[in-house]
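Summary of the model geometry
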Amino acid sequence: MAASSNSSLSGSSVSSDAEEYQPPIWKSYLYQLQQEAPRPKRIICPGEVENRPKYYGREFHGIISREKADELLGGVEGAYILRESQRQPGCYTLALRFGNQTLNYRLFYDGKHFVGEKRFESIHDLVTDGLITLYIETKASEYISKMTTNPIYEHIGYATLLREKVSRRLSRSKNESRKASVTNEEHTAVEKISSLVRRAALTHNDNHFNYEKTHNFKVHTFRGPHWCEYCANFMWGLIAQGVRCSDCGLNVHKQCSKHVPNDCQPDLKRIKKVYCCDLTTLVKAHNTQRPMVVDICIREIEARGLKSEGLYRVSGFTEHIEDVKMAFDRDGEKADISANIYPDINIITGALKLYFRDLPIPVITYDTYSKFIEAAKISNADERLEAVHEVLMLLPPAHYETLRYLMIHLKKVTMNEKDNFMNAENLGIVFGPTLMRPPEDSTLTTLHDMRYQKLIVQILIENEDVLF
């Protein structure tokens, strides 16, 4: 985002949408403070220092006392030197002048310089960022503590005019071919809309499946001035100024990220693959109830494989299964897994099982794993069924819906047992470790729990109509 509040999000007048759109007013106070922060002033050592570490420059003054360092800084705001500790040789200190006093920080190097969490390529960058942070936190500590009290995130009236139009375009983009009336200029206008506006548009899209999803925030370094899309305040500093959701692109302060609702709307442009992708993230990105790979594979299996002997137990060729995986990752819902390409149905069943195994969080989540295992240990059949039902209610909606759909399918498989020789117990053996894994990576736990994993899946298949 640019520094100017008038051009932070809006595009040029390339379409009526862009002309109607009114960006929020970014709060520039913290940006102004960053501009006022003291600049670093390196105090160079006049002579050559023996044993100077190769990753430090002429600002290193060797072994000197705090008093001597204070004298060298001369009371100049932003002045800094590096010194070796008198008390602990081999330990290094940054002496920095700020607020009419000398501040001393233990300095570390592991390929980059750091005194805290942030790591810098140069001492100059470290000091610059430090001075900005010190200055802003000194001048605006009360302001910062109140930044989240009136967030723009919860008052997005400025997006109202775009909601219907953006929703229609996002929906239309999922069709196999876009209409010719969607011009490059219109596409450009939508591209310029922030993740915040996109969230608003999708929230009001009736076709969008309303699964709750937390944002996948990761520390991010923004090039050029950036503003927080939660509180509208400037994100100060040189590096790691805030966090970005890697699924939807939302940019916020680290402290603001704790207040952002669980309403992440993943952007297909950011979801690079189908396999190994979080289940809820995938379904929200594709605007489907379940992962489309599950729907497509099950549709193909039911069309031509329900009577295949050893269905799901017999393995297909590994390299062909990997081909299917690559096709889904590359082509998404357009992947061709028809009999013309893969005549062996076991390749499709193998690809479906691989999808479930590759999930970073299993269909039966880590959070519910132990509860399912405990339910499986109950000896009374009615009580066990009730316990399984209670734990099912704890699954995230997208996981629950995927499991429900799979169990309906596996029930159909068992109805063809006379041809495929696959009953609920056999399928439980196959799908137990595929759908549920213990949170801790323990071979002993996995072996111990295998019979209960099998039993849970068997119960889910046999009682699909009651449990779901």
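Structure's up top.
Residues numbered from 1 in each chain as written. Predicted model: local features only at pLDDT ≥ 70, side-chain atom pairs only at ≥ 80, totals over all residues. Heavy atoms only, no water.

**Focus: the nonpolar core**
Quick note on the threshold: Buried Ala, Val, Leu, Ile, Met, Phe, Trp, Tyr and Cys residues that are joined via side-chain atoms within 4.5 Å together make up what is termed a nonpolar core. A 1.4 Å probe rolled over the protein chains alone gives each residue an accessible area, and that area as a share of the maximum for its type sets the label: buried under 20%, exposed over 50%, partly exposed in between. Helical segments are the DSSP runs of H or I of at least four residues, strand segments are the runs of E of at least two, and each set is numbered from the N terminus. Residue contacts follow a heavy-atom distance rule, with two residues in contact if any of their heavy atoms lie within 4.5 Å.
Grouped together as the largest cluster of nonpolar side chains are 69 residues, with contacts concentrated most on Tyr312, Phe328, Tyr355, Phe356 and Phe431. At eight residues, the largest contribution of residues to this core is made by helix H13 (residues 345–358). Residues contacting Phe328, with those up to four places away along its chain left out, are Val274, Tyr275, Met292, Val293, Ile296, Cys297, Ala335 and Ile337. Listed in part, the 47 residues of the second largest apolar core include Trp26, Tyr92, Phe120 and Ile136.

**What to know about the pairing of strand S3 (residues 79–84)**
Selection rule: For two strands to pair, DSSP has to find at least two bridges joining them.
In terms of residue burial, S3 counts as a mostly covered element, since six of its six residues are buried. Of the two faces of S3, both are covered, the one formed by Ala79, Ile81 and Arg83 as well as the one formed by Tyr80, Leu82 and Glu84. As paired elements, strand S1 (residues 41–42) and S3 share two bridges and run parallel to each other. Within the sheet, the bridge partner assigned to Arg42 lies in S3 and is Tyr80.

**Observations regarding the sheet that holds strand S9 (residues 251–252)**
Overall, antiparallel pairing links the three strands, which are arranged S7-S8-S9 in an open sheet. Where the open sheet ends on each side, the last strands, each with one partner, are strand S7 (217–220) and S9. As judged from the four bridges shared by S7 and strand S8 (residues 242–245), these two strands associate in the antiparallel manner. Paired with His220 across the bridge in S8 is Gly242.

**Quick look at the environment of Pro89**
For Pro89, the position within the fold is in the loop between S3 and strand S4 (92–98). On a C-alpha basis, the gap between Pro89 and Gly62 in space is 10.0 Å, while along the polypeptide they are 27 residues apart.

**Quick word on the packing of helix H18 (residues 424–435) against helix H19 (residues 443–462)**
Note the cut-off: Here the axes come from fitting lines to C-alpha atoms, over the contacting stretch only for helices, and the angles between their N-to-C directions go from 0 to 180 degrees. To sort the angles, those under 35 degrees are grouped as roughly parallel, those over 145 as roughly antiparallel, those from 65 to 115 as roughly perpendicular, and the leftovers as oblique. Two helices cross in a left-handed way if the nearer one is turned anticlockwise from the farther one by less than a right angle. They cross in a right-handed way if the turn is clockwise. Only Asp, Glu, Lys and Arg are considered charged, only Ala, Val, Leu, Ile, Met, Phe, Trp, Tyr, Cys and Pro nonpolar, and every remaining residue, Gly among them, polar.
Running from N to C, H18 and H19 point in directions that differ by 120°, and their axes come no closer than 7 Å. Taken together, the axis directions place H18 and H19 in an arrangement best described as oblique. Crossing handedness for the pair H18 and H19: right-handed. Residue-level contacts link Ala424, Glu425, Leu427, Gly428, Ile429, Phe431, Gly432, Pro433 and Leu435 of H18 to Gln453, Lys454, Val457, Gln458, Ile461 and Glu462 of H19. Classifying every residue of the contact of H18 with H19 gives eight nonpolar, four polar and three charged.

**Quick word on helix H14 (residues 366–376)**
Convention followed: The arc refers to the directions leading from the helix axis to the C-beta atoms.
Within H14, the full set of buried residues consists of Thr368, Tyr369, Phe372, Ile373, Ala375 and Ala376. Each buried residue of H14 sits inside an arc of 155° when the element is viewed along its axis, so together they form one side. In this fold, the buried residues of H14 make contact with helix H15 (381–392) and H19.

**Quick word on the environment of Pro397**
Within the fold, Pro397 resides in helix H16 (residues 397–414). In sequence terms Pro397 and Arg290 are 107 residues apart; their C-alpha atoms lie 9.7 Å from each other.

**Regarding the packing of H15 against H19**
Close contact between H15 and H19 brings their axes to 11 Å; oriented N to C, the two are set at 90°. Here H15 lies roughly perpendicular to H19, going by the angle between them. Of the residues in H19, those in contact with Arg384, Leu385, Val388 and Leu392 of H15 are Leu455, Ile456, Ile459 and Leu460. When the residues that make up the contact of H15 with H19 are grouped by side-chain class, the tally is seven nonpolar, no polar and one charged.

**Thoughts on the state of the cysteines**
Inclusion rule: For the purposes of this analysis, a disulfide is any pair of cysteine sulfur atoms at a distance within 2.5 Å.
For the structure shown, the criterion picks out zero disulfides. You can see Cys231 has no disulfide; the closest cysteine sulfur is in Cys256, sitting 3.8 Å from it. Residue class for Cys231 comes out buried when judged on its relative accessible area of 0%. With no disulfide of its own, Cys277 has Cys276 as its nearest cysteine by sulfur position, at a separation of 9.0 Å.

**Points about the environment of Pro261**
Mapped onto the fold, Pro261 is located in the loop between helix H9 (254–257) and helix H10 (279–286). Exposure remark for Pro261: the relative accessible area of 31% places this residue in the partly exposed category. Separated by 49 residues in sequence, Pro261 and Glu212 have C-alpha atoms that sit 9.1 Å apart. Apart from the residues lying within four places of it in its own chain, the contact partners of Pro261 are Tyr153 and His215.

**Remarks on the side chain of Arg384**
Keep this limit in mind: His is not counted here, nor are the chain ends, while Lys and Arg score as positive and Asp and Glu score as negative. We define a salt bridge as a side-chain nitrogen of Lys or Arg found within 4 Å of a carboxyl oxygen belonging to Asp or Glu.
Structurally, Arg384 is set in helix H15. Despite its burial, Arg384 pairs with no opposite charge; the closest candidate is Glu462, at 7.4 Å N-O. Those residues in contact with Arg384 that lie beyond four places of it in its chain are Ala375, Ala376, Ile378, Ser379, Leu455 and Ile459.

**Side note on unusual backbone geometry**
Of note in this structure, Cys276 is not a glycine but carries a positive phi near 65°. Here Tyr312, not a glycine, exhibits a phi torsion of approximately 80°, which is positive.

**What to know about the side chain of Gln458**
Positionally, Gln458 belongs in helix H19. Note on Gln458: relative accessible area 14%, which makes it buried. Excluding residues that lie within four positions of it along the chain, Gln458 makes contacts with Ala424, Glu425 and Gly428.

**Quick look at the pattern of salt bridges**
Summed over the entire model, instances satisfying the criterion amount to 23 salt bridges. As a salt-bridge pair, Arg290 and Glu401 come within 2.5 Å of each other at their nearest N and O atoms. With Arg290 in the loop between H10 and helix H11 (292–304) and Glu401 in helix H16, the pair connects residues that are 111 residues apart, well separated along the chain. Each member of the pair Arg290 and Glu401 is classed as buried. Close ionic contact of Asp419 with Lys307 constitutes a salt bridge, the shortest N to O distance being 3.3 Å. In this pair, Asp419 is assigned in helix H17 (residues 417–420) and Lys307 in the loop between H11 and helix H12 (318–331), connecting sequence segments 112 residues apart. Through salt bridges that share partners, Arg290, Asp295, Glu401 and Arg404 make up one connected network.

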